[in-house]
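Fold and contact review
The primary structure of each chain is shown beneath.
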Amino acid sequence: METRHTSPEIRLADIKKSGRLRLHFSGIVQGVGFRPFLYRTAEKFGLKGFVKNTGAGVTLEVEGGRLPEFIRYITRHAPPLSRIETLRLEELPARNSKEFKILESDARGQKHVMVSPDIALCAACRKEMDDPGDRRYQYPFTNCTDCGPRFTIIEGLPYDRPKTTMKKFAMCPECHREYMNPGDRRYHAQPVSCPDCGPRLQLRAKGRIAKANAPGEAIKLLKKGMAVAIKGIGGFHLACQAGNRAALERLRRFKGRENKPFALMATMAMIQRHCRITAAEKELLQSPQAPIVLLKAKANDKLLRLSAPGQNRLGFMLPYSPLHRLLIEKMGEPLVMTSANIADEPILFDDAARELPRLCDAILSHDRPILSFADDSVTQVVENKPYFIRRSRGFVPLPIAMPFSSPMTVLGLGGMLKTTFCLLDKERAFVGPHIGDTESNTALAAEKRAVLHFMKLFSLSPAIVAVDKHPSYPNRLLAEAFPKAKVVEVQHHRAHVASLLAESGETGKVLGIALDGTGYGDDGTIWGGEFFLGDLKNGLERAGHLLPMFLPGGDAAAREPWRTAISLLLALGTEKAAGRFAGKFGRKGDQVLEAANRRRGGVMTTSCGRLFDGVAALLGLGDANSYEGELPSLLQAEAEKARPQKQPYPYAIENKGGMPVLNMLLALEAMLADKKSRAEKACRFHQTLAHGLLDMASHCAGASGVRKAALSGGVFQNTLLLKMSRELLLKNRFQVLHHTQVPANDGGISLGQAVLAAMKCRKEL
Ligand code: ZN
Ligand code: ZN
Ligand code: FE
């Protein structure tokens, strides 16, 4: 992925040759080899002076040479992981410095500094690890100024060793020499260490602790089909052989996870044996962020059947830490590498976590503490750009640039599932790591702790706290930690659309389409298939929606889509078919049929996610969701088996209360009567919905002249629907926005909440 460099505008011609210059850099300029780069460049240009880290970034003073050329050079050749946000120049009288020095850090004025995310092992370090003559041969904690842990080990700023969890390891003379030598590629690499002075591995199994050859012992257990917890960069993984059915079943029992796909770790050569990958996917896998990338698996692939039953994609990542690399190379086969957590709670990252031993046969750990947790990021490639399912390790805590400046700091707390938080300040939005479901106290405590850490790191304190409109989402309670802040409620689906507008820099009027699971609506009913007209500044007005349907049992229907299927059959007027379908579920089936008939004991919803649930159940893809979105993802995989169908099914756009409403019942009726294969029916359903969206877009836009559609909400994790909708909209002269920086799912709504709350309060100022 590209790293952006902002080349600042400087009137280089005006710089006096005889004077001295002071340069202030802000942005990602600490922990990315920026000072050594300046040092080497100053030497190259024969300049004298100094450079130092400050709380606000990096300050450089230089004199005695070709200053304009020097500045041009540094803005063009800055280290790959750095990002210069601003460069301020001051002219000073010459001081006749005799040398160029790197000075101690200055902790004052911590305002504009950024913290680098964790970066995958670089090529130079890989080479050292492979060299039997190198002192870091096979060393599992190898890193340098270009790579290694950052965000997860940083306690405070400025970024220096005493403010990282490496502070407890005293450097040996040789490491110290590297650390102090500006010509060395480990100059001021804060996590630098070697086998003599760095962290130690250990393997804990059944009360026994092995310190010698811990990785070898772990590999022995893995080869026997055991489940081993492995301490990584942002937390523990649970690992097992990806191709061993018994090992996988064992891991699923430990995790209490029936069908949910597992992420895998493997070398590029191994990945290519199982998946067909494009150049863009390869690049994303090999990027310094090294996320999990969902890749199309080859037909009938064994790993697919084992780790992602019913799906057509495998989630692979490369070994991004030196320990991972060591393990994968010695295993010679792919490993399951799934976050160690209970259900959808936050990832475990502390060796003292009591739950950890209960999740595995053995624990491979070390004594470098993780301060901040960060799950692996999960991505796909859409239009040659990353499309996030989860934005966490490798990306957090980099801020996302906003198209406006918020005069006050706003904290968005996120929703209840796939929770993240967001601190918005001026033109930057710091979106935090993936926290997961915030239904438990553990998860709430994790969110609170992470928020407080971000506030400290970036010297921010929220004046406004934005929460979901849902009156009983548990993380509303966290607002109480900020008694002086004003609490603002933001409607869930507006937050989805706003997150997309904010990350796209879109300030104009749009038609926002939020297709989602569920969210609390303005009228107290459950929404999830929403169309909005408006913009960030003036807000988003509801302009249309999906036809409401009845969900027997409310939330129970989200876990058991067969309930939704019965309700849909009734809505079609096919009572006999509904009765036959309900018959499969015995007494419970009768009760649900009865409830759906009377529309009692349930809720009405416009949710598109629930519609996908129901359709998948009607097509026989399953009765229940063992994890969120299981049946909808199976429906997508089924549809992708078929070639695009010629005609969409019929559907209707009705007018209800002056608003266009998309009625998909006709499509379901036609689908059930269709004699084609299940895959073709699934595909045709997707196509019909895409046509319906286009039609709705035209109706909702009406006379407003808006020709820009913004596609957000969890249903748009479905890249087939996204692709079909995009193509149709583009063909019909709509511009289309889709996510590229935050997820379309609830991982993105903290950003949208913060942005809409900021806009609302700005208007009130
Ligand atoms: Zn490196
Ligand atoms: Zn050392
Ligand atoms: Fe949502």
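These remarks concern the structure in this document. (Residues numbered from 1 in each chain as written. Chains lettered and ligands numbered in written order. Predicted model: local features only at pLDDT ≥ 70, side-chain atom pairs only at ≥ 80, totals over all residues. Heavy atoms only, no water.)

**Observations regarding the environment of Asp118**
Within the element layout of this structure, Asp118 appears in the loop between β5 (100-102) and α3 (123-130). Classification of Asp118 as buried rests on a relative accessible area of 3%. Put simply, Asp118 and Pro149 are 31 residues apart on the chain and 4.6 Å apart in space, counted from C-alpha to C-alpha. Apart from the residues within four sequence positions on either side, Asp118 is in contact with Gly148, Pro149, Arg150, Phe151, Thr152, Ile233, Pro288, Arg393 and Gly394. Side-chain polar atoms of Asp118 contact the side chain of Thr152, separated by 2.8 Å. (Helix = DSSP H or I, 4+ residues; strand = E, 2+ residues; numbered from the N terminus. Buried < 20%, exposed > 50% of the residue type's maximum accessible area, 1.4 Å probe, protein only. Contact = heavy atoms within 4.5 Å. Polar contact = N/O pair within 3.5 Å; in protein donor to acceptor, adjacent residues only side chain to side chain.)

**Examining the coordination of the zinc ion (ligand 2)**
Coordination of the zinc ion (ligand 2) by the protein is provided by Cys172 (SG), Cys175 (SG), Cys194 (SG) and Cys197 (SG), with metal-donor distances spanning 2.2 to 2.3 Å. One can describe the donor arrangement at the zinc ion (ligand 2) as tetrahedral, given that its four donor atoms subtend angles of 104 to 117° at the metal. (Donors = N, O, S within 2.8 Å, 3.2 Å for Na, K, Ca; no water. Tetrahedral: all angles 85-135°; square planar, octahedral: opposite > 155°, others 65-115°.)

**A few points about the packing of helix α1 (residues 34-44) against helix α2 (residues 67-77)**
The relative placement of two packed helices comes down to the angle between their axes together with the axis-to-axis distance. At a closest axis distance of 11 Å, the pairing of α1 and α2 adopts a crossing angle of 145°. The handedness of the crossing between α1 and α2 is right-handed. Only Phe70, Tyr73, Ile74 and His77 of α2 make contact with α1, whose side of the interface consists of Phe37, Leu38, Thr41, Ala42 and Lys44. In terms of residue class, the contact of α1 with α2 is made up of six nonpolar, two polar and one charged. (Axes fitted to C-alpha atoms, helices over the stretch in contact; angles between N-to-C directions. Left-handed = near helix turned anticlockwise from the far one by under 90°. Nonpolar A, V, L, I, M, F, W, Y, C, P; charged D, E, K, R; others polar.)

**Looking at the state of the cysteines**
The full count for this structure, using the stated rule, is zero disulfides. In this structure Cys275 is a free cysteine whose sulfur lies 17 Å from that of Cys240, the closest cysteine sulfur available. The structure places no disulfide on Cys700, whose sulfur is separated from the nearest cysteine sulfur, that of Cys608, by 14 Å. Residue class for Cys700 comes out buried when judged on its relative accessible area of 7%. (Disulfide = S-S within 2.5 Å.)

**Side note on the pattern of salt bridges**
Overall, the coordinates contain 39 salt bridges when judged by the stated rule. Lys101 is paired through a salt bridge with Glu99; the nearest N and O atoms lie 3.9 Å apart. The exposure class of Lys101 is partly exposed, given its relative accessible area of 41%. Between Arg250 and Asp361 there is a salt bridge, and its shortest N-O distance comes to 2.5 Å. With Arg250 in helix α6 (residues 245-255) and Asp361 in the loop between β13 (335-339) and β14 (362-366), this residue pair connects regions lying 111 residues apart in the sequence. Put simply, Arg20, Arg22, Glu61, Glu63, Glu90 and Arg95 are held in one network by salt bridges that share partners. (Salt bridge = Lys/Arg side-chain N within 4 Å of Asp/Glu carboxyl O.)

Purely geometric stuff here, so don't read any function into it on its own.
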